[in-house]
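# Coordinates in review
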Amino acid sequence: MAGNEWINGYLEAILDSGASAIEEQQKPTPVNLRERDHFNPTKYFVEEVVTGVDESDLHRTWIKVVATRNTRERSSRLENMCWRIWHLTRKKKQLEWEQLQRLAHRRWEREQGRKDATEDMSEDLSEGEKGDGLGEMVPCETPRKRFQRNISNLEVWSDDKKEKKLYIVLISLHGLVRGENMELGRDSDTGGQVKYVVELARALARMPGVYRVDLFTRQISSSDVDWSYGEPTEMLTAGLDDADGIDVGESSGAYIIRIPFGPRDKYLSKELLWPYIQEFVDGALAHILNMSKVLAEQIGGSQPIWPYVIHGHYADAGDSAALLSGALNVPMVLTGHSLGRNKLEQLLKQGRQSKEDINSTYRIMRRIEGEELSLDAAELVITSTKQEIEEQWGLYDGFDVKLEKVLRARARRGVNCHGRFMPRMVVIPPGMDFSNVVVQEDGPEVDGELTQLIGGTDGSSPKAIPTIWSEVSVGSVLLHVMRFLTNPHKPMILALSRPDPKKNITTLLKAFGECRPLRELANLTLIMGNRDNIDEMSGGNGSVLTTVLKLIDKYDLYGQVAYPKHHKQSDVPDIYRLAAKTKGVFINPALVEPFGLTLIEAAAHGLPMVATKNGGPVDIHRVLNNGLLVDPHDQQEIAAALLKLLSEKNLWHDCRKNGWKNIHLFSWPEHCRTYLTRVAACRMRHPQWQTDTPGDEIVAEESLNDSLKDVQDMSLRLSVDGEKSSLNGSFDVSSAVADPELQDQVKRILSKIKKPEFGPTDNDARREHLEYVPSKYPMLRRRRKLIVIALDCYDSSGAPDKKMIHVVQEIIKAIRLDTQIARVLGFALSTAMPVSETIEFLKSGRIQANEFDALICSSGSELYYPGTYTEEDGKLFPDPDYASHIDYHWGCEGLKKTVWKLLNTIEGKEKSDQSSSPIVEDLKSSNTHCISYLIKDPSKVRKVDDLRQKLRMRGLRCHPMYCRNSTRVQVIPLLASRAQALRYLFVRWRLNVANMFVFLGESGDTDFEEMISGTHKTIIMKGVAVKGSEELLRTSGSYLRDDIVPPETPLVTFVDGEASTDQIASALKHVSKSFARM
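These figures come from a predicted structure and were not determined experimentally. (Residues numbered from 1 in each chain as written. Predicted model: local features only at pLDDT ≥ 70, side-chain atom pairs only at ≥ 80, totals over all residues. Heavy atoms only, no water.)

### Some remarks on the packing of aromatic side chains
Test applied: Aromatic rings from Phe, Tyr and Trp, taking only the six-membered ring of Trp, are treated as a pair when their centres fall within 6.5 Å; an angle between ring planes under 30 degrees marks them as stacked, one over 60 as edge-to-face, and anything in between as tilted. Burial classes follow relative accessibility: with a 1.4 Å probe on protein chains only, a residue under 20% of its type's maximum area counts as buried, one over 50% as exposed, and anything between as partly exposed. Counting from the N terminus, the helices are DSSP H or I runs at least four residues long and the strands are E runs at least two residues long. The criterion for a charge sitting over a ring is simple: Lys NZ or Arg CZ within 6 Å of the ring centre, and within 35 degrees of the ring normal.
Tallied over the entire structure, the rule returns ten aromatic pairs. Ring geometry for tryptophan 393 versus tyrosine 396: centroids 5.1 Å apart, planes at 50°, classification tilted. Grouping residues by exposure puts tryptophan 393 and tyrosine 396 together as buried. Between the aromatic rings of tyrosine 865 and tryptophan 989, the centroid separation amounts to 5.8 Å while the plane-to-plane angle is 85°, which identifies the pairing as edge-to-face. Pair noted here: tyrosine 865 is in the loop between strand E20 (862–864) and helix H34 (880–885) and tryptophan 989 is in helix H37 (residues 978–989), with a separation of 124 residues, a long-range link. Neither tyrosine 865 nor tryptophan 989 differs from the other in exposure class; each is buried. Joined through ring pairs, the aromatic side chains of Phe216, Phe261 and Phe280 make up one cluster. Sitting over the ring of phenylalanine 261, arginine 218 keeps its end group 5.7 Å from the ring centre.

So, in structure tokens, the structure goes:
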């Protein structure tokens, strides 16, 4: 390096700009920059800076540098490399500083939210609230007692529950899901979660009291994957016969249900599925409603059987489960598997990507929002370890460990929580199927058996294949493992994982390669998924495999390390058994392991373990006590633990026996028993209404009412044909029926019709005001299609724009051009206006409310059926069932106080002068389930995602939105929205969302994006509602519109806002035909 004196200056600059930060994170061995009084920059660059930055392109540059013979070119490349490293280290230091600032600000916000919540609840913490640790692992004398949770107050699920006949829904959307020959490791989306959910579905279906389990996933009809993933239904296991041998029913058992959503001919990664979530929800809802009717006939006594629980796995399925449970009003359970905030923290710490780059690659902000929405709706969150609760879920706005304990203690003592809620977190380790595990008792040494297989030492042919080999075919992965090893009789160190950087395989290989006693004692087998061509693999996986091959060459480990290219899922038990036969060890060296299912599998096959001390293995080791825990960053500690277990035979046997002794605690029956016990303790809820009219008298009454409704439909058609001058299609007996005698007959029939009767609910006081209505049930139950007009077209004051009423008139005229279609087609108006303003708006265009079958008002917080429910003064009465439906987790009074405080607070300081407040209460637009404020200055209010974050931190679950051209902010219940109201109509009146046509403008309220996607057909009218409230939806750095709205879909079409009735009708036909071709 003579002649390169300038390098010292650059090295000093690099050290000053951030090499210390690298040392803190990586903790490398201190570098001796002078060897024999000579500065060695080569060692510094290669072993410290390049390794610390971890950039593969820098490594390639260094290879080129050392291969360059020309001194000037070599010096130039070194100088260029120095500048690049300097830039990267400065960038890393900047990112770390920004991350520290974010974390500090977040901690302050969390403390502020907790303080506000406890102050608002106006009660000091009790001793129970301070130290409530219900459900946490309690250290006791025995592993079994240590493992079991404190469920003394819960009734444990037992065999006497078999009469319950439950219907359970599981959801796992991404990856390739099938019951047999799972392609685990095919890609990053098809891993342990796929195996987990399939085995969970099978295990639950075998439990007493469970009749049917449906596992929902995506239907994929693509040439890139096997045809089996395009099958709509796959049976996992048939229902078990009862004790008397009687068949329990043809629909019982566990099934995979594949719902088509997104592009039908493409296999999409999980990051690209987000815009199609609502389409999945609508498809899954249709299946559940059909199944509820089927199960009603089989086991329900003609009453619908609703899901007992809807369980979402991972963020995408959790988001879907939240919407489904909200539409059906049934409990939701969530399992995160891996969490977005934790991944974001890890990626930011690496310093190689900015937050924007990470979001672009992983859609990480949409994933995090999906997890937050899941926490909003979930009754129960199932985790694998206590660490997952405290260190991972604790990062989320929607969960605070301390506040959750406070709220749980108050709820247990019956103290008002003022609408605040935190989901219950419980640790239930994943189960395992032990049916293919054969416990091998300790016997003679295995050397003789293996010698027989590979041939005698004198070169003779192998003798008869021993037992372990006779069970597998010649093409088995075991024989592929054997061909790598020179001495296969040595104990096997087995590692089984994807070639993911976080699985830390390269550190294991370094530990093995640099420990000569370990190399002499054992072989290393790396089962790293399936691969065909490393160059075609994703960057991270391909990089790990490339590094593995280089390390094998560096340490000359040929004949000592096996790394087969392919294996089947059915081969995995044989691989474990081979390692156990050789008296080997299983190792999981991951940097962080959320749980560690492979550790349980290995223990079941008699393998002691060496595992990372970060994450789930700590809990597993506490229960099984069958191995050693190590620091995954410490090569020497890894090598020493492996050497200790392999060389000390007594310790090896003790660990093997301990694993077998307590492994049953991780069985699927144990998991499902705890699971059902916890779910049964949730707040059970399901639709309370009866979908069929009970009694012959009411059936006849309904028939009469429906006949009269036919007269009403005739009246509407006559008005369109020109026999009436206005659009008024209200039911008018005198105009629709000319014969006076017929008029008298109709009036006599009307006088005999009884008022609707309702059971006791919270709304009894208001139901007593119900007057005579023409029909007990709305006409929606007889409609085949529904036109939903959801135009958010307002002027600067928030009043309806004059052109909006004209557009509504044109849409109605266009639909009624065909009288045959008009007879089976209904109308709904969806708006942020209260019902009083909505009716006034319709009257301004000479349209009566009875033109519409439904009015969705106040941003979805109220639902009306004109012509069905009226009060004494003739005003419309909201659907009481819908009001009860959306009341879940609604804390009106607590929200009013908190929302007012948040919207009047800037940078932590509350405004003292009310006149300077950017909002004022809007009593006219408020109702029981809607808190409304007028906005005086939109520039001074918080955006929706910021407001929702602050409310979540205070334990308040709701749906805030800005509407009416940014002139109002409305807060409605979590289960309420205009999009969810359409699903309610589907559930309540069986009007399929796929048969709805939604008219929207180009912009709208902040719930506008939710209205676009789904299985309904969307017609966007250009030039209508050009300016909405969407600028108040998201802060910078949040998820994007493209994460919600599909980029291209045949379900959406466009039409000009000035379009004629014929053009509107043509657009409807176009979108219908496009959907039919899907």
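Read on for the rest.
### Some points on the packing of helix H10 (residues 340–350) against helix H11 (residues 355–362)
Note the cut-off: The axes are straight lines fitted to the C-alpha atoms, using for helices just the contacting stretch, and the angles between their N-to-C directions are given from 0 to 180°. Reported orientations rely on four angle classes, namely roughly parallel under 35 degrees, roughly antiparallel over 145, roughly perpendicular from 65 to 115, and oblique for the rest. Take the far helix as your reference; a near helix turned counterclockwise from it by less than a right angle gives a left-handed crossing, and one turned clockwise gives a right-handed crossing. Whether two residues are in contact is decided by their heavy atoms: any pair within 4.5 Å suffices. Under this grouping Gly is polar, as are all residues other than the nonpolar Ala, Val, Leu, Ile, Met, Phe, Trp, Tyr, Cys and Pro and the charged Asp, Glu, Lys and Arg.
Axis separation between H10 and H11 bottoms out at 10 Å; the angle between their running directions is 130°. The orientation of H10 relative to H11 falls into the category oblique. In this structure, H10 crosses over H11, and the sense of that crossing is right-handed. Residues Lys343, Leu344, Leu347 and Leu348 of H10 form the contact with H11, whose own contacting residues are Lys355, Ile358 and Tyr362. Considering only residue class, the contact of H10 with H11 consists of five nonpolar, no polar and two charged.

### A few points about the sheet that holds strand E26 (residues 968–973)
For clarity, the threshold we go by: Between any two strands, at least two bridges found by DSSP are needed for them to pair.
Read from one edge to the other, the open sheet built from four strands follows the order E23-E24-E26-E25, with strand pairing classed as antiparallel. With partners counted over all chains shown, the strands left at the sheet margins are strand E23 (919–921) and strand E25 (958–963), one partner each. Ignoring which end each strand starts from, the neighbouring axes of this sheet average 25° apart. Relative to E26, strand E24 (residues 931–935) is paired through four bridges, and the arrangement is antiparallel. The residue bridging isoleucine 931 from the neighbouring strand is valine 971, located in E26. Contacting E23, E24, E25 and E26, helix H35 (residues 892–903) crosses the sheet at an angle of about 20° to E24.

### Considering the nonpolar core
How we decide: Throughout, nonpolar core names a set of buried Ala, Val, Leu, Ile, Met, Phe, Trp, Tyr and Cys residues whose side chains join them through atoms within 4.5 Å. How far each domain reaches was decided by an automatic or database domain assignment.
With 105 residues, the main nonpolar core has Ile171, Phe216, Phe280, Leu324, Leu328, Trp393 and Leu985 as its most contacted residues. Sort the elements by how many residues they give to this core and helix H8 (residues 277–298) lands first, with ten residues. A domain-level breakdown of this core finds at least three residues from each of domain 1 (166–365) and domain 3 (785–893 + 918–1076). Contact partners of leucine 324, with chain neighbours within four places excluded, come to Ile171, Phe280, Val281, Ala284, Leu285, Ile288 and Ile310.

### Thoughts on the side chain of arginine 110
Checked against the element boundaries, arginine 110 lands in helix H4 (residues 71–120). Since its relative accessible area comes to 11%, arginine 110 is described here as buried. If we skip the residues at most four places from it in the chain, arginine 110 touches Gly394, Leu395, Tyr396, Asp397, Phe399, Asp400 and Met953.

### Describing the pairing of strand E6 (residues 253–259)
Each regular strand shows side chains that alternate between the opposite faces of the sheet. Extensive coverage of E6 is indicated by the burial of seven of its seven residues. The two faces of E6 match: Gly253, Tyr255, Ile257 and Ile259 on one face and Ala254, Ile256 and Arg258 on the other face are all buried. Pairing of strand E4 (residues 210–218) with E6, which is carried by seven bridges, proceeds in the parallel orientation. Opposite arginine 218, over in E6, you have isoleucine 259 as the bridge partner.

### Comments concerning the sheet that holds strand E29 (residues 1052–1056)
In a beta sheet, neighbouring strands pair by backbone hydrogen bonds and run either parallel or antiparallel. The seven strands are arranged E20-E19-E18-E17-E27-E28-E29 in an open sheet whose pairing can be described as mixed. Edge positions in the sheet fall to E20 and E29, since each of these pairs with one other strand and no more. Ignoring strand direction, the axes of neighbouring strands in this sheet form an average angle of 20°. Sheet analysis places strand E27 (residues 996–1000) next to strand E28 (residues 1017–1022), joined by four bridges and oriented parallel. If you follow valine 998 over to E28, its bridge partner there is threonine 1018. Contacting strand E17 (785–789), strand E18 (825–830), E27 and E28, helix H31 (residues 802–815) runs over the sheet at an angle of about 165° to E17.

### Considerations on the side chain of aspartate 879
For clarity, the threshold we go by: The charge count treats Lys and Arg as positive and Asp and Glu as negative. His and the chain ends do not count. Salt bridge criterion: a side-chain nitrogen from Lys or Arg within 4 Å of a carboxyl oxygen from Asp or Glu. Think of a polar contact as two N or O atoms within 3.5 Å of one another; within protein, one of them needs to be a possible hydrogen donor and the other a possible acceptor, and neighboring residues in sequence only count if both atoms come from side chains.
Position of aspartate 879 relative to the elements: it lies in the loop between E20 and H34. The buried charged residue aspartate 879 lacks any salt bridge, with arginine 988 as its nearest oppositely charged partner at 5.0 Å. Engagement of the side chain of aspartate 879 in a polar contact is seen with the side chain of tyrosine 865, the distance being 2.7 Å.

### What to know about the pairing of E25
Within E25, six of the six residues are buried, which leaves it mostly tucked inside the rest of the structure. A two-sided burial pattern is seen for E25, the buried positions comprising Cys958, Pro960 and Tyr962 on one face and His959, Met961 and Cys963 on the other. Of the strand pairs in this sheet, E25 and E26 are connected by six bridges, and their pairing is antiparallel. Along E26, the bridge assignment pairs cysteine 963 with arginine 968. What sits between the antiparallel neighbours E25 and E26 is a turn of four residues, in which arginine 964 has the positive phi angle 55°.

### What about the pattern of salt bridges?
For the structure on display, the rule yields 52 salt bridges. Linking arginine 954 and aspartate 116 is a salt bridge whose minimum nitrogen-to-oxygen distance equals 2.8 Å. Highlighted residues: arginine 954 in the loop between helix H36 (944–953) and E25 and aspartate 116 in helix H4, separated in sequence by 838 residues. Here arginine 954 and aspartate 116 have matching classes, each one buried. Several salt bridges converge on common partners, so that one network encompasses Arg178, Glu183, Arg186, Asp187 and Asp226.

### What to know about the packing of helix H7 (residues 192–205) against helix H26 (residues 668–680)
H26 packs onto H7 with a crossing angle of 75° between their chain directions and a minimal axis gap of 10 Å. Relative to H26, the element H7 lies roughly perpendicular. Facing H7, whose interface residues are Tyr196, Glu199, Leu200, Ala203 and Leu204, H26 presents Trp668, His671, Cys672, Tyr675 and Leu676.

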